[in-house]
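Residue-level structural notes
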Amino acid sequence: MYVMRRVTSNFLRRIRIPSHQFINSHGITTNYSVNSLSSKSRFSYSKHGYAEFKDSHPWTILAGPAAIILGINVNPVLALADTPNESGSGTESKEDNLIGLRKVEDGSVISNEHTSKWRIFTDNGREYFLQGKVDEAEKFFCSALEEAKKGFGNQDPHVASACNNLAELYRVKKAFDKAEPLYLEAVKILEASYGPDDIRVGAAFHNLGQFNFVQRKLEEARQCYERALKIKRRVLGHGHTDYADTMFHLGTVLYLQGKEKDAEDLIQDSIQILEGAGQGESNLCIRRLRYLSQMYMKSNRLAEAENVQRKILHIMELSKGWDSMDTVIAAERLALTLQGAGSLKEARELLERCLETRKSKLPEDHIQIGANMLHIARVAMLNTSRVRGVSISETVAELDKAKDLLHNSTRIAQNVLYKLENQKGRRKKNMASEGSRREGNAALIILMQSLDSLGLLEIKKQELQKSTEEHQFTVGAENALLRCISAYKEFNSERPIFDSPEVKVEYLSCLKRLSSLYSENAVRNVILSGKVSLAEVNDEIKHVEGEISRSRKHK
């Protein structure tokens with residue numbers, strides 16, 4: 001055991017392990033506390049409260065004769081470390097370990113044919129896997145597992161490596177029933193080979209924790225992470241970034257289990273470890289800071305969220321400058337938090353700077369530009385409600401500027417949706433790609449939020465000019481809300497390719513706004529268009545509320 005610890009320690013010093021979190025920002029910021037645009041990242045915090053785990057690539061792919069598993073952040077790894085000889089000097093060559101003869105359980109000698117094939121199959125499977133060619137990768141990984149058993153024996157760490165690779169592939173395919181026994185077999189082999197407290201066992205438990213996490217088996221995931229954390233702390237030490245990685249993942253599980261204080265402590269500690277290791281400006285650290293800020297936002301701790309987001313923006317400004325879209329996204333997130341906290345002037349200044357950069361970097365009808373315009377319009381509308389001592393004409397002029405922004409965001413969102421619909425119509429299969437679905441969901445949400453905001457804007461103008469134009473603006477609000485409902489029906493009636501729980505929530509908001517408008521104006525005896533009755537709107541509200549409730553139960 002002492003020899004193996006020395007080898008692992010030496011190997012870790014020689015190889016820098018890259019860390020990866022799984023967040024895929026599409027540049028449209030989610031912030032429910034201020035009713036901003038909902039966007040789905042790799043992490044859909046809106047669904048599960050965990051914003052950084054919608055992963056697009058495997059966590060750990062292993063290959064190589066030593067079969068040393070170093071944890072989830074190895075991407076992809078093969079621990080091609082020198083296998084130590086009996087003295088622990090580590091002087092045996094990689095080539096000898098790769099193709100040398102090996103005795104298996106029955107005492108027979110297997111030629112190097114199996115070991116060579118094992119490595120070829122593993123390398124090819126890994127390459128296909130990382131290219132997203134999962135079916136091709138599966139064939140090679142299955143062959144690698146077969147060759148590992150023939151060449152090394154059923155209980156050899158090479159078999160554990162092959163099991164892990166195939167399990168990761170099945171996890172990506174959501175073939176969980178096939179993946180689980182392979183994960184468990186990898187853990188069993190490694191424990192038998194190296195002992196229950198070896199670093200490779202810790203990494204295997206981390207992978208098993210991730211597998212359980214994906215299936216929302218939170219208690220099982222917690223137990224795996226805690227086991228991995230204990231091993232990593234003993235072997236690697238508290239200040240090691242791989243230890244911090246398991247700490248962060250354990251924190252996310254505890255957060256979902258409602259243990260918010262414990263989760264916060266772990267996540268903060270994992271960030272401090274990265275900062276202490278000189279990785280405070282790394283993408284990994286920034287992603288963890290974003291997750292922490294989202295935790296604060298969800299619990300309405302806006303001041304703490306603001307501090308974290310200012311830190312992120314400062315890092316992005318120094319490292320990438322304002323020409324970077326990453327900096328723009330960080331600034332937009334901070335602006336939306338400031339909006340929720342009532343700091344409207346600074347929020348608007350940041351959003352306008354974001355829009356200026358986006359217009360210089362993106363096509364004029366890009367969906368991010370539409371979202372940015374929507375955010376500015378909302379801040380402007382909030383500001384007109386708070387400003388005192390300004391004439392009605394100046395306030396109306398400000399609202400008209402917001403109205404122009406909302407019309408533009410509506411136009412951009414519609415153009416994106418029609419473009420996606422046309423692209424889908426040209427395909428042979430009646431299916432949209434995952435990327436198109438995400439873009440479509442975002443565009444439809446922007447469209448409905450823009451129309452909903454237009455309705456609010458018309459009502460606000462009515463309040464300012466109610467002496468002479470009450471009917472005009474009430475009908476204007478109604479028309480905007482009816483357009484919102486029509487947009488939902490148009491893109492989700494026969495072929496719901498852009499539907500999602502977030503889209504339904506926005507649709508429900510429009511319905512409730514229209515119901516309120518009808519109820520209030522029925523009392524005030526203002527005649528509206530009568531295109532939809534109040535009873536019909538209320539029936540639709542009940543129907544959509546039922547759909548949302550059922551979708552949440554299935555999560």
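Conventions we followed
- For every chain, the first residue of its written sequence is number 1, and the numbers climb from 1 along that sequence.
- Note on the predicted model: pLDDT of at least 70 is required for a residue's local features to be given, and 80 or more for side-chain atom pairs to be given and counted; whole-chain, interface and lining totals, by contrast, use all residues.
- Computation of side-chain values: all heavy atoms of the structure, hydrogens and water removed.
- Going along the chain from the N terminus, every DSSP run of H or I of four or more residues is numbered as a helix, and every run of E of two or more is numbered as a strand.
- Using a 1.4 Å probe on the protein chains alone, a residue whose accessible area is under 20% of its type maximum counts as buried, one over 50% counts as exposed, and one in between counts as partly exposed.
- Contacts are residue-level and defined by heavy atoms, with any inter-residue pair within 4.5 Å sufficient.
- Only the protein chains shown count as covering a residue, and every accessible area follows the Shrake-Rupley method with a 1.4 Å probe.
- A fitted line through C-alpha atoms serves as each axis, taken over the contacting stretch for helices, and the angle formed by two N-to-C directions is quoted from 0 to 180°.
- Small angles under 35 degrees read as roughly parallel and large ones over 145 as roughly antiparallel, with 65 to 115 read as roughly perpendicular and the rest as oblique.
- Each helix crossing is assigned a hand: it is left-handed if the near helix lies turned anticlockwise from the far helix by less than a right angle, otherwise right-handed if that turn is clockwise.
- Residues are grouped as follows: nonpolar covers Ala, Val, Leu, Ile, Met, Phe, Trp, Tyr, Cys and Pro; charged covers Asp, Glu, Lys and Arg; every other residue, Gly included, is treated as polar.
- pLDDT measures how confident the predictor is about each residue, on a scale from 0 to 100.
- Only buried Ala, Val, Leu, Ile, Met, Phe, Trp, Tyr and Cys residues count toward a nonpolar core, and they belong to the same one when joined by side-chain atoms within 4.5 Å.
- Think of a salt bridge as a Lys or Arg side-chain nitrogen and an Asp or Glu carboxyl oxygen that are within 4 Å of each other.
- Helix span, expected: 1.5 Å multiplied by one less than the number of residues in the helix.
- In the analysis that follows, any N or O atom pair within 3.5 Å is treated as a polar contact, provided that within protein one partner can donate a hydrogen and the other can accept it, and provided that, for residues neighboring in sequence, both atoms belong to side chains.
- What counts as a ring pair is set by centres within 6.5 Å for rings of Phe, Tyr and Trp (its six-membered ring), and what kind of pair is set by the plane angle: stacked under 30 degrees, edge-to-face over 60, tilted for all other angles.

This next bit is on the overall build of the protein. Counting its secondary structure elements, the protein contains 21 helices and two strands. For the protein, with 555 residues in total, the buried portion stands at 53%. A fraction of 65% describes how many contacts in the protein between residues 6 or more apart in sequence connect residues 24 or more apart. For the protein, the exposed area adds up to about 24,600 Å²; of that, 48% sits on carbon and sulfur atoms.

Take the packing of helix H7 (residues 176-194) against helix H8 (residues 199-214) next. Packing of H7 against H8 leaves a shortest axis separation of 9 Å and a crossing angle of 165°. Considering their axes alone, H7 and H8 lie roughly antiparallel with respect to each other. The handedness of the crossing between H7 and H8 is left-handed. Residues Phe176, Ala179, Glu180, Tyr183, Leu184, Val187, Leu190, Glu191 and Tyr194 of H7 pack against Arg200, Val201, Ala204, Phe205, Asn207, Leu208, Phe211 and Val214 of H8. Tallied by class, the residues present in the contact of H7 with H8 amount to 13 nonpolar, one polar and three charged.

What follows concerns the confidence of the model for the protein. Residues at a pLDDT of 70 or more form 72% of the protein, whose mean pLDDT is 77. Element-level pLDDT for the protein is lowest in helix H3 (residues 94-99), with a mean of 26, against a maximum mean of 97 in helix H11 (residues 260-276). Here residues 1-111 is modelled with pLDDT under 50, and outside its nearest four sequence neighbours on either side it reaches 296 contacts, counting other chains as well.

We now examine the nonpolar core. Judged by nonpolar contacts, the single largest core of 99 residues is most densely connected at Leu350, Met448 and Leu514. Excluding residues within four positions of it along the chain, methionine 448 makes contact with Cys484, Tyr488, Val503, Glu506, Tyr507 and Cys510. Within the second largest apolar cluster, 34 residues are counted, among which are Phe152, Ala179, Val201 and Ala204.

The subject of this paragraph is the pattern of salt bridges. Pairing of side chains with opposite charge becomes possible as their charged atoms draw close. Scanning the model with the defined rule gives 30 salt bridges in all. Across the salt bridge formed by arginine 358 and glutamate 332, the nearest N and O atoms sit 3.2 Å from each other. Here glutamate 332 lies in helix H14 (residues 325-341) and arginine 358 lies in helix H15 (residues 344-361), a separation of 26 residues in the sequence. Residue arginine 358 is classed as buried on the basis of its relative accessible area, which comes to 0%.

A rise of 1.5 Å per residue sets the reference length of H14, with its 17 residues, at 24 Å; its end C-alpha atoms lie 24 Å apart and thus fit the reference within 8%. Within H14, 14 of the 17 residues are buried, which leaves it mostly tucked inside the rest of the structure. In this structure serine 324 caps H14, since a side-chain oxygen of it lies 3.1 Å from the backbone nitrogen of aspartate 326. Remark: glycine 342 follows H14 within two positions and exhibits a positive phi of approximately 90°.

Its 16 residues place the ends of helix H12 (residues 283-298) 22 Å apart at the C-alpha level, agreeing with the 22 Å of an ideal helix rising 1.5 Å per residue. One or two steps after H12, the chain reaches asparagine 300, where phi turns positive at roughly 65°.

Time to look at the packing of helix H16 (residues 367-386) against helix H18 (residues 434-464). The interhelical angle for the contact between H16 and H18, taken along N-to-C directions, is 25°, at an axis separation of 10 Å. Taken together, the axes of H16 and H18 lie roughly parallel to each other. The handedness of the crossing between H16 and H18 comes out as left-handed. Along the contact surface, H16 presents Ile367, Gly370, Ala371, Leu374, Arg378, Met381, Thr384 and Ser385, while H18 presents Ala443, Ile446, Gln449, Ser450, Ser453, Leu456, Leu457 and Lys460. Class assignment of the residues belonging to the contact of H16 with H18 gives a composition of eight nonpolar, six polar and two charged.

Moving on to the packing of aromatic side chains. Under the criterion given, the structure shown has ten aromatic pairs. Considering the side-chain rings of phenylalanine 248 and tyrosine 291, the 5.6 Å spacing of their centres and the 75° angle between planes classify their relative orientation as edge-to-face. Placement of the pair is phenylalanine 248 in helix H10 (residues 241-256) and tyrosine 291 in helix H12, with a sequence separation of 43 residues. Judged by relative accessible area, tyrosine 291 falls into the buried class, the value being 1%. When the ring of tyrosine 255 is compared with that of tyrosine 291, the centres are 6.4 Å apart and the planes differ by 75°; the resulting orientation is edge-to-face.

Right, let's talk about unusual backbone geometry for a bit. For lysine 174, which is not glycine, the phi dihedral falls at a positive 60°. Structurally, lysine 174 can be placed in the loop between helix H6 (157-172) and H7. A residue is classified by how much of its surface remains accessible, and lysine 174, at 63% relative accessible area, is exposed. In the Ramachandran plot, asparagine 300 falls in the positive-phi region, its phi being about 65° despite a non-glycine side chain.

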